[in-house]
Every structure is written in C-alpha cells, then in structure tokens.
Amino acid sequence: PGLILADDPSAYGPYEVLTLTYGSGTDRRRTEYADSVVLTTPAVDGRPFVDNWKKFSGWAREKFWGFDLSALPLNARVWYPSGEGPFPLVLVVHGNHLDRDYSDPGYDYLGELMASRGFIFASVDENFLNGAWSDVFGRLKEENDARAWLLLKHLECWEKWSKEDSCPFQGKVDMERISLIGHSRGGEAVCIAAFFNRLPCYPDDAMVSFDFGFNILSVIPIAPVDGQYKPGETGTSIENTSYFTLQGSHDMDMRSYHGA
C-alpha cells in the first residue's frame, strides 16, 4: 500500500544522446565556448538589466572574462536525442556561486537523462553574473532580471536554429513546447523570464522594448529565491504557465521555501 505503480523516472529512455556546445566562440577560459563551439552566438547588451558593474570590481570582472556588460555571451551545453523530432526544448540555468567555479557543467547527468527520453536540454552559462572575489569592492545589483532576459535571448537563437538550413537543429526543435528550469537565483529567473515573455517592454525602462512571446508551457524552480527583482515593488506574476517547484530538505543556502 502507498507505492506508486509507475515507471522509474531515473531510467534512461530509448534515444541515443548527442551533445554539443554553442556560444561566443571567443571564451578565454573554456575551450567548449571557444574553438569547440558548433554554433556561434551573438553577444548581447545587458547594460539596462544590471547595476554596479563598475569601478574596480567591474574592471576585475572584465579582466577575467574578457568582456563587459555590453557584450554578454550566450553560451550553453546541449544534450539532444538522435532522431527526427521535433522534440520539446528545456533550458536549465544555475544559481549564484563563485563565478570561476563554473556551475553549468553540473547538469550533465540530467541532460543525458532528458535527452534519452526525447527532450532537447540546454544548460545555460550565466557564471559571469555570479559572485566574485572582487565583490568586496562592490557586488552586482539587480542582476536577476538579467538572468531572466538572457534566457529569452537564448530562446531567440533556438527559434532561428529550428528554421535554419544546415543547422543540426533544423526541424528538430518544438518551439511550441518549452520549459525553463532554474536553481536558486535561477529559480527566480525562470519565473521572471515567463513574466518578461508576455510584456511589450522592460518594466524598469519602457525604452527597452521586448518582442518575445514564446510558448513557455512550464517553469520549474528548484530551491528558488524570490523578490530579488520586484518591478514597481511588486512580485512578478505568471499567467497560463504551469508552475512546479522543488525545495530540498537540506539546502545549505535556501534553508526555507522562498518561491512564488
């Protein structure tokens, strides 16, 4: 009594798993986002979305990463099924940690599992927005909306690739079935992304126009923060999107549930 009679969710599916990376092609720290990229992405201007990237702390970030806020990269590791598709698209984004202790590789086990079960799974790199030793001279502020906006800029790339001749994802991406997963700050970021997705402009600056409108069916925050970005001092609202959240019982940072 009490047992769930269902298939083991950790069992691998029937698809052969393929993998690649996409990104700037110029990353000075990681070859997977430099010469090893299969698809090259454009840099995006994140200046409207992040505060306090300046003075010594901003200079130190630029010296390490090789770019500033005006040229943020769109990097990700991708696991995808071998088959015709189209397959649902899942983006996952990490939370805050030391920027030089890269978090995006940590979802490899989940990427392989999801791809084997028929999903395209991309682990998004936003380490350059994470904490750094130079934060003692001034940490970034209001950066969680940037994490969200970057996810939507990744989706713009996916929409292009799904239609592009000779692209490995041509005809294989189901842009009508999209899910966003995020941990900690990423957990709030996926909710903000779903919020931004239906707006005509950035709430903090109407001169920054939005034209996203992707079919994001679900957001999945894992031990999320909440309230780090509050436009007009109100929470971000989600409409017509499934919300599923997980909270660990022994999370060393998010010790209690903070999600929407």
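This report concerns the structure included in the present document. (Residues numbered from 1 in each chain as written. Predicted model: local features only at pLDDT ≥ 70, side-chain atom pairs only at ≥ 80, totals over all residues. Heavy atoms only, no water.)

## Digging into the overall build of the protein chain
- Each helix and strand counted, the protein chain has four helices and 10 strands in total.
- Of the regular secondary structure in the protein chain, the N- to C-terminal order runs β-β-α-β-β-α-β-α-β-α-β-β-β-β.
- Projected onto its principal axes, the C-alpha coordinates of the protein chain cover approximately 55 × 50 × 35 Å.
- Counting the 260 residues in the protein chain, one finds 51% classified as buried.
- Considering only contacts within the protein chain whose residues lie at least 6 apart along the sequence, 78% involve residues at least 24 apart.
- For the protein chain, the exposed surface amounts to about 12,700 Å²; the carbon and sulfur share of it is 51%. (Helix = DSSP H or I, 4+ residues; strand = E, 2+ residues; numbered from the N terminus. Buried < 20%, exposed > 50% of the residue type's maximum accessible area, 1.4 Å probe, protein only. Contact = heavy atoms within 4.5 Å. Areas by Shrake-Rupley, 256 points an atom, 1.4 Å probe, with all protein chains shown as cover.)

## Describing the nonpolar core
- Judged by nonpolar contacts, the single largest core of 59 residues is most densely connected at Trp-158, Phe-169 and Phe-196.
- The element best represented in this core is helix 3 (residues 144-161), accounting for 10 residues.
- Among all residues touching Phe-169, those that are not within four sequence positions of it are Leu-20, Leu-39, Val-78, Tyr-80, Ile-120, Trp-158, Trp-161 and Ser-162.
- Grouped together as the second largest cluster of nonpolar side chains are nine residues, Val-90, Tyr-107, Ile-181 and Ile-220 included. (Core = buried A, V, L, I, M, F, W, Y, C linked by side-chain atoms within 4.5 Å.)

## Quick notes on unusual backbone geometry
- Backbone torsion omega between Gly-85 and Pro-86 reads 5 degrees, so that peptide bond is classified as cis.
- As for its placement among the helices and strands, Pro-86 is situated in the loop between strand 3 (75-81) and strand 4 (87-93).
- One non-glycine residue, Ser-184, adopts positive backbone phi at about 60 degrees.
- Note on Ser-184: relative accessible area 7%, which makes it buried.

## As for a negative patch on the surface
- Judged by side-chain charge, Asp-51, Glu-142, Asp-204, Asp-205 and Glu-233 come together as a negatively charged surface patch.
- Summarising the element assignment, Glu-233 is placed in the loop between strand 9 (216-222) and strand 10 (242-243).
- Judged by relative accessible area, Glu-233 falls into the exposed class, the value being 66%. (Patch = residues over 30% accessible without salt bridge, like charges linked within 9 Å, V, L, I, M, F, W, Y side chains within 5 Å. Salt bridge = Lys/Arg side-chain N within 4 Å of Asp/Glu carboxyl O. Lys, Arg positive; Asp, Glu negative; His and termini not counted. Charge placed at Lys NZ, Arg CZ, Asp CG, Glu CD.)

## Looking at the packing of aromatic side chains
- Taken as a whole and judged by the stated rule, the model has 26 aromatic pairs.
- A ring pair is formed by Phe-49 and Tyr-202, whose centres lie 4.7 Å apart and whose planes are at 55 degrees; its orientation type is tilted. Pair noted here: Phe-49 is in the loop between strand 2 (39-40) and helix 1 (55-65) and Tyr-202 is in strand 7 (residues 201-202), with a separation of 153 residues, a long-range link. Comparing Phe-49 with Tyr-202 shows no difference in burial state: the two are buried.
- Plain terms: the ring middles of Phe-56 and Trp-59 are 5.5 Å apart, the flat faces sit at 35 degrees to each other, and that makes the pair tilted. Of this pair, Phe-56 and Trp-59 both sit in helix 1, three residues apart, which is roughly one turn of the helix.
- Given a relative accessible area of 35%, Phe-56 falls into the partly exposed group. (Phe/Tyr/Trp six-rings, centres within 6.5 Å; stacked < 30°, edge-to-face > 60°.)

## Some words on helix 1
- Buried within helix 1 we find Ser-57, Gly-58, Ala-60, Arg-61, Phe-64 and Trp-65. Take helix 1 and look down its axis: the buried residues cluster within an arc of 160 degrees, on one side only.
- Remark: Gly-66 follows helix 1 within two positions and exhibits a positive phi of approximately 90 degrees. (Arc of directions from axis to C-beta.)

## So, the sheet that holds strand 9
- Taking strand neighbours across the sheet as the criterion, the eight strands line up as 2-1-3-5-4-6-9-10 in an open arrangement whose pairing is mixed. Unpaired on one side and paired on the other, strand 2 and strand 10 mark the two borders of the sheet.
- Relative to strand 3, strand 1 (residues 17-23) is paired through six bridges, and the arrangement is antiparallel. What sits directly across from Thr-21, in strand 3, is Arg-77.
- Helix 4 (residues 185-196) contacts strand 4, strand 6 (173-183), strand 9 and strand 10 of the sheet and is inclined by roughly 145 degrees relative to strand 6. (Pairing = 2+ DSSP bridges. Axes fitted to C-alpha atoms, helices over the stretch in contact; angles between N-to-C directions.)

## Observations concerning the side chain of Glu-188
- By the element assignment, Glu-188 lies in helix 4.
- Despite its burial, Glu-188 pairs with no opposite charge, the nearest such side chain being Arg-185 at 7.3 Å.
- At 3.1 Å, the side chain of Glu-188 forms a polar contact with the backbone nitrogen of Gln-228.
- Those residues in contact with Glu-188 that lie beyond four places of it in its chain are Asn-144, Pro-224, Val-225, Asp-226, Gly-227, Gln-228 and Tyr-229. (Polar contact = N/O pair within 3.5 Å; in protein donor to acceptor, adjacent residues only side chain to side chain.)

## Looking at the pairing of strand 4
- The buried count for strand 4 comes to seven of seven residues, which makes it a mostly enclosed element.
- As defined by bridge partners, strand 4 adjoins strand 6 across seven bridges and the pair is classed as parallel. Each bridged residue has a counterpart across the sheet, and for Pro-88 the counterpart in strand 6 is Asp-174.
- Alignment of strand 4 against strand 5 (residues 120-125), held across five bridges, turns out to be parallel. Residue Leu-91 lies in a different strand from strand 5, and its bridge partner there is Ala-122.
- The parallel pair strand 4 and strand 5 is bridged by helix 2 (residues 108-116), and the resulting crossover is right-handed. (Right-handed = clockwise from strand over helix to strand, strands pointing away.)

Remember, this is a structural readout, not a statement about activity or role.
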